[in-house]
Protein chains: 2
Amino acid sequence: MATPQDRQLVEQWRSIQSTYFRTAGAIDRALESRFSIGLTEFEILDLVAESADAACRMKQLGERTPMTQSAMSKVVDRLEKAGLISRHSCEDDRRSLFLELTDAGRALHGEAAVEHRALLKENLA
Amino acid sequence: MATPQDRQLVEQWRSIQSTYFRTAGAIDRALESRFSIGLTEFEILDLVAESADAACRMKQLGERTPMTQSAMSKVVDRLEKAGLISRHSCEDDRRSLFLELTDAGRALHGEAAVEHRALLKENLA
DNA sequence: TCAACTTATATGACACGTCATTGAATGACA
DNA sequence: TGTCATTCAATGACGTGTCATATAAGTTGA
């Protein structure tokens, strides 16, 4: 029933879980305490910062993250309320929105990214 | 600012996240639909099934999972309500509890474990 | 051009996890 | 033994994620 291969799979899985939780937790706590945003919020900022080219992005961003569409929408709500991001409706397709960092958002992202990368390095070594 | 090493770290991180969410999601949906328990519940069942030797385990189980003590307590609540596990108070230290699978719990764990291992194999290849 | 269908985002109800706190039992030591 | 600190587990308030659905805009084809 519990073959050696099974055990090895389970070990591998626990190791992934452990890395994931340790890393995500460390980043989340650091960003929360220094910048008052969570990991999820940062990840959206990071994606928006990356895709600097114009596009109707709300949708496309969704394809680059494991987040649900509905989760995305709520994260963007929070970021907008925090004044870090703005939604602009798309001329070609008024159902779509594209996102843009505000100046504050860009500044915060810059600093937070340093922290983020540092913690990744520390935890994924 | 964005060194190649940074990009590589971020890529590695996204890959871990993706594997984690894909795998956890697949297992969770499968267990939910076939056995009406979630991944979290299964993981506790699995830990209890593993540590068949007697001990005041609630605490010790906590050390083997990234879950919070409070989360553990609530998961065990659900498992107990579902009749899959039972809490027994510990003679030596009446603050502690140890856990035991019920017959139903053992049976369900046996079947669910097969599914669990299969999905790990599929997703962690 | 008007239905019927599809697509993009928002929203509400709900489930689950975390943090902070509580209650109870234990330990340490004057 | 009496006090104070510590440890184990449970609980309530709260935040955030998911699913199902709503709303609005676009598409298709007779």
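Criteria and thresholds
The residue numbers shown here count from 1 along each chain, following its written sequence. In the order they appear in the text, chains get letters beginning with A and ligands get numbers beginning with 1. Per-residue local features are limited, in this predicted model, to residues with pLDDT of at least 70; the limit for side-chain atom pairs, both in listing and counting, is 80 or more; totals at the level of whole chains, interfaces and linings are taken over all residues. Calculated side-chain values reflect all of the structure's heavy atoms, with hydrogen atoms and water omitted. Throughout, a contact is declared for two residues whenever any of their heavy atoms are within 4.5 Å. A simple way to read buried area is as the amount of 1.4 Å-probe accessible surface that goes missing from two parts once joined, with both sides added. Salt bridges, as used here, are contacts in which a Lys or Arg side-chain nitrogen is within 4 Å of a carboxyl oxygen on Asp or Glu. To be near a molecule or strand, a residue needs just one of its heavy atoms within 4 Å of it. Each polar contact in these results corresponds to two N or O atoms within 3.5 Å; when the atoms are within protein, one needs to be able to donate a hydrogen and the other to accept it, and residues that are neighboring in sequence are counted only if both atoms are side-chain atoms. Nonpolar residues are Ala, Val, Leu, Ile, Met, Phe, Trp, Tyr, Cys and Pro. Charged residues are Asp, Glu, Lys and Arg, and all others, Gly as well, are polar. We place the copies in one frame by least squares, fitting the C-alpha atoms of every residue whose pLDDT is at least 70 in both. Each helix is a run of DSSP H or I of at least 4 residues and each strand a run of E of at least 2, with the numbering of both proceeding from the N terminus. Here an axis means a line fitted to C-alpha atoms, over the contact stretch when the element is a helix, while the angle between two N-to-C directions is reported on a 0 to 180 degree scale. The labels follow the angle: roughly parallel below 35 degrees, roughly antiparallel above 145, roughly perpendicular from 65 to 115, and oblique for the rest. Here a crossing is called left-handed whenever its near helix is offset anticlockwise from the far helix by less than a right angle, and right-handed whenever the offset is clockwise. The set of buried Ala, Val, Leu, Ile, Met, Phe, Trp, Tyr and Cys residues whose side-chain atoms join them within 4.5 Å is what this entry labels a nonpolar core. Summary of the burial criterion: residues with accessible area below 20% of their type's maximum are buried, those above 50% are exposed, and those between are partly exposed, where the area comes from a 1.4 Å probe applied to protein chains only. Side-chain rings of Phe, Tyr and Trp, where Trp is taken by its six-membered ring, are said to pair if the distance between their centres is within 6.5 Å; with planes under 30 degrees apart they count as stacked, over 60 as edge-to-face, and otherwise as tilted.

Enquirer: I'm lost on the interface of chain B and chain A in this one. Help?
Expert: Interfaces are often sized by the amount of accessible area the parts lose when they come together. Every contact between the two is made by 26 residues of chain B and, on the other side, 26 residues of chain A. Summing both partners gives a buried area of about 2600 Å² for chain B against chain A, and 68% of it is carried by carbon and sulfur. On the chain B side of the contact with chain A, Trp13, Arg14 and Tyr20 of chain B bury the most area, a combined 27% of that side's loss. Linking chain B with chain A are four salt bridges. Two residues, Arg14 of chain A and Asp46 of chain B, come together in a salt bridge whose shortest N-O distance is 3.5 Å.

Enquirer: When you look at the protein's contact with DNA strand C in this model, what are you seeing that I'm missing?
Expert: Taken together, 19 residues lie around DNA strand C, and Met58, Arg87 and Arg95 of chain A together with Lys74 and Arg78 of chain B are the ones closest in. Each atom of DNA strand C within 4 Å of the protein was assigned to sugar, phosphate or base; sugar and phosphate come to 62%. Arg94 of chain B is positioned with one of its backbone polar atoms (N or O) 3.4 Å from a phosphate oxygen of DNA strand C. Of the residues belonging to the surface near DNA strand C, the class tally is three nonpolar, seven polar and nine charged.

Enquirer: Would you take a moment to explain the relation of the copies chain B and chain A for this structure?
Expert: Mapping between the two copies of the chain is achieved by a rotation about an axis and a shift along the axis. In the superposition of chain B on chain A (RMSD 0.1 Å, axial shift 0.0 Å), the rotation amounts to 180 degrees. What the superposition gives is, in effect, a two-fold axis relating one chain to the other.

Enquirer: How do you make sense of the protein's contact with DNA strand D when you look at a structure like this?
Expert: Inspection of the region around DNA strand D gives 20 residues, with Lys74 and Arg78 of chain A together with Met58, Arg87 and Arg95 of chain B positioned closest. Within 4 Å of the protein, the contacting atoms of DNA strand D are drawn from sugar and phosphate to the extent of 63%. Here Thr68 of chain A contributes a side-chain N or O atom positioned 2.9 Å from a phosphate oxygen of DNA strand D. One nitrogen or oxygen atom from the main chain of Arg94 of chain A is found 3.2 Å from a phosphate oxygen belonging to DNA strand D. Mapped onto the surface near DNA strand D, the elements with two or more residues apiece are helix H4 (69–81) of chain A together with helix H3 (57–62) and helix H4 (69–81) of chain B. A total of five residues in the surface near DNA strand D trace back to one element, the largest contributor, which is H4 of chain A.

Enquirer: Would you explain the packing of helix H1 (residues 4–35) of chain A against helix H5 (residues 103–124) of chain A in this entry?
Expert: A pair of packed helices is captured by two measures, namely the crossing angle of their axes and the spacing between those axes. Residue and element names in this part refer to chain A. Axis separation between H1 and H5 bottoms out at 10 Å; the angle between their running directions is 150 degrees. Comparing the axis directions of H1 and H5 gives the class roughly antiparallel. Pair H1 / H5 crosses with right-handed handedness. Residue-level inspection shows Thr19, Arg22, Thr23, Ala26, Ile27, Ala30, Leu31, Arg34 and Phe35 of H1 in contact with H5, the latter providing Leu108, Glu111, Ala112, Glu115, His116, Leu119, Leu120, Asn123 and Leu124. When the residues that make up the contact of H1 with H5 are grouped by side-chain class, the tally is 10 nonpolar, four polar and four charged.

Enquirer: Honestly, the nonpolar core in this entry has me stumped. Any pointers?
Expert: A general feature of soluble globular proteins is that nonpolar side chains tend to end up buried together. If you look at the biggest cluster of nonpolar residues, it comprises 69 residues, and the most contacted ones within it are Ile44 and Ile85 of chain A together with Ile44 and Ile85 of chain B. Per-element tally for this core: the top contributor is H1 of chain A, with 11 residues.

Enquirer: Any chance you could explain the packing of aromatic side chains here in plain terms?
Expert: Evaluated as defined, the whole model comprises seven aromatic pairs over all chains. Measuring from centroid to centroid gives 4.5 Å for Tyr20 of chain A and Tyr20 of chain B, while their planes differ by 10 degrees, and the two rings are stacked. Of this pair, Tyr20 of chain A sits in helix H1 while Tyr20 of chain B is found in helix H1 (residues 4–35), placing the two residues in two different chains. Comparing Tyr20 of chain A with Tyr20 of chain B shows no difference in burial state: the two are buried. Where Tyr20 of chain B meets Phe21 of chain B, the ring centres are 5.6 Å apart and the plane angle is 70 degrees; that geometry is what we call edge-to-face. Accessibility expressed as a relative area gives 36% for Phe21 of chain B, which makes it partly exposed. Among the aromatic residues, those joined into a ring-pair cluster are Trp13, Tyr20 and Phe21 of chain A together with Trp13, Tyr20 and Phe21 of chain B.

Enquirer: Just checking my understanding: could you explain the pattern of salt bridges for this structure?
Expert: Under the defined criterion, the tally for this structure stands at 20 salt bridges over all chains. Ionic pairing is found between Glu41 of chain A and Arg78 of chain A, a salt bridge with its closest N-O pair at 2.1 Å. A residue pair is termed long-range when its members are at least 10 positions apart, and Glu41 of chain A in helix H2 (residues 39–50) and Arg78 of chain A in helix H4 qualify at 37 residues. Across the pair Arg87 of chain B and Glu80 of chain B runs a salt bridge whose closest N-O atoms are separated by 3.0 Å. For Arg87 of chain B, a relative accessible area of 21% gives the class partly exposed. Relative accessible area serves as the criterion here: at 33%, Glu80 of chain B is assigned to the partly exposed category.

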